[in-house]
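# Descriptive structure summary
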Amino acid sequence: MEPDLHELLASLRVWDPECTELPALDPATAPAAPLPLFARWLAQAAAAGQTEPHTMSLATTDEEGRPDVRVVMLHGADAAGWSFATHAGSRKGRHLAASPYAALAFYWPVLGRQVRVRGPVAVAPPEEAHADLHARSTGALAAALTGHQSEVLGSLDELARASESAWERAAGAPDTEVPSWTLYRLQPTEAEFFQGDARRRHVRLRYRRTRDGWARELLWP
């Protein structure tokens, strides 16, 4: 018997105090730029036991301006931007070629926190994409070598054959080039930090890039 979706949704709760801590966010002590606060929050989420804290939602728009979103892995965050990677011919790669602007969202429910970032996206040099891919696992290289991302798949058997061949190649030649593999960097123009509060007095701290650096402001929850 299929579950009743409305009853299920009504029964669910967020921020169970048995498994969630809601620390305070004091805007007065926040750093002048968003990157140090992001690094601190990511480390705290990992220390608190958040599963896969380095995963994020990536939102793009297609050639007609229609939005799309998926979960990907953060590969790095520094002065050059927040980075992620994919095949240039994938759906998100095609979106970014047509409209090089994106938004990211991190959610760490163990601490009742969100981080949202958006801005223009640039393509890193090919040698940096190569280094990024080959710094990862054999499985990551095998997945990249399998290729055909976002293309129509005929059957799971077809995928299994292609994947098995890619795994063998990745294990035997770990420095194999994958020309379509592309490293992207989002350079934030805006970053928002959301700290949940049990009485719904959520703190929203937004950073906006200006000519003189970063402006900080609070938003109503």
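It should be emphasised that the depicted structure is a prediction, and the values quoted were computed from it without experimental measurement.

## As for the side chain of Gln50
- The topology assignment puts Gln50 in the loop between helix H2 (34–47) and strand S1 (55–61).
- With relative accessibility at 15%, the residue Gln50 sits in the buried group.
- Once residues within four sequence positions are removed from consideration, Gln50 is found in contact with Ala45, Trp108, Pro109 and Val110.

## What about helix H3 (residues 91–98)?
- Among all positions of H3, only Lys92, Gly93, His95 and Leu96 are buried. The buried side chains of H3 occupy one side of the element, clustering within an arc of 160 degrees when seen end-on.

## Quick word on the pattern of salt bridges
- Per the stated rule, a full pass over the model turns up 10 salt bridges.
- Two residues, Asp68 and Arg70, come together in a salt bridge whose shortest N-O distance is 3.8 Å.
- Of the residues examined, Asp68 reaches a relative accessible area of 21% and is grouped as partly exposed.
- The residue Asp68 makes a salt bridge to Arg91 at a minimum N-O spacing of 3.3 Å. One end of the pair, Asp68, is in strand S2 (residues 67–73); the other, Arg91, is in helix H3, and 23 residues separate them in sequence.

## Section: the packing of aromatic side chains
- The full count for this structure, using the stated rule, is 8 aromatic pairs.
- Relative to Trp108, the ring of Phe38 has its centre 6.1 Å away and its plane inclined at 40 degrees; by these criteria the two rings are tilted. Of this pair, Phe38 sits in helix H2 while Trp108 is found in strand S5 (residues 101–108), placing the two residues 70 residues apart along the sequence. Trp108 matches Phe38 in its accessibility class, with the two residues each being buried.

## Observations concerning H2
- With 14 residues, H2 should reach 20 Å at 1.5 Å per residue; the first-to-last C-alpha distance of 20 Å fits that figure.
- For H2, every residue scored as buried is listed here: Pro34, Leu37, Phe38, Trp41 and Ala45. Here the buried residues of H2 occupy an arc of 100 degrees about the axis, which is enough to place them on one side.

Calculation criteria
Residues numbered from 1 in each chain as written. Predicted model: local features only at pLDDT ≥ 70, side-chain atom pairs only at ≥ 80, totals over all residues. Heavy atoms only, no water. Helix = DSSP H or I, 4+ residues; strand = E, 2+ residues; numbered from the N terminus. Buried < 20%, exposed > 50% of the residue type's maximum accessible area, 1.4 Å probe, protein only. Contact = heavy atoms within 4.5 Å. Arc of directions from axis to C-beta. Salt bridge = Lys/Arg side-chain N within 4 Å of Asp/Glu carboxyl O. Phe/Tyr/Trp six-rings, centres within 6.5 Å; stacked < 30°, edge-to-face > 60°. Expected span 1.5 Å × (residues − 1).

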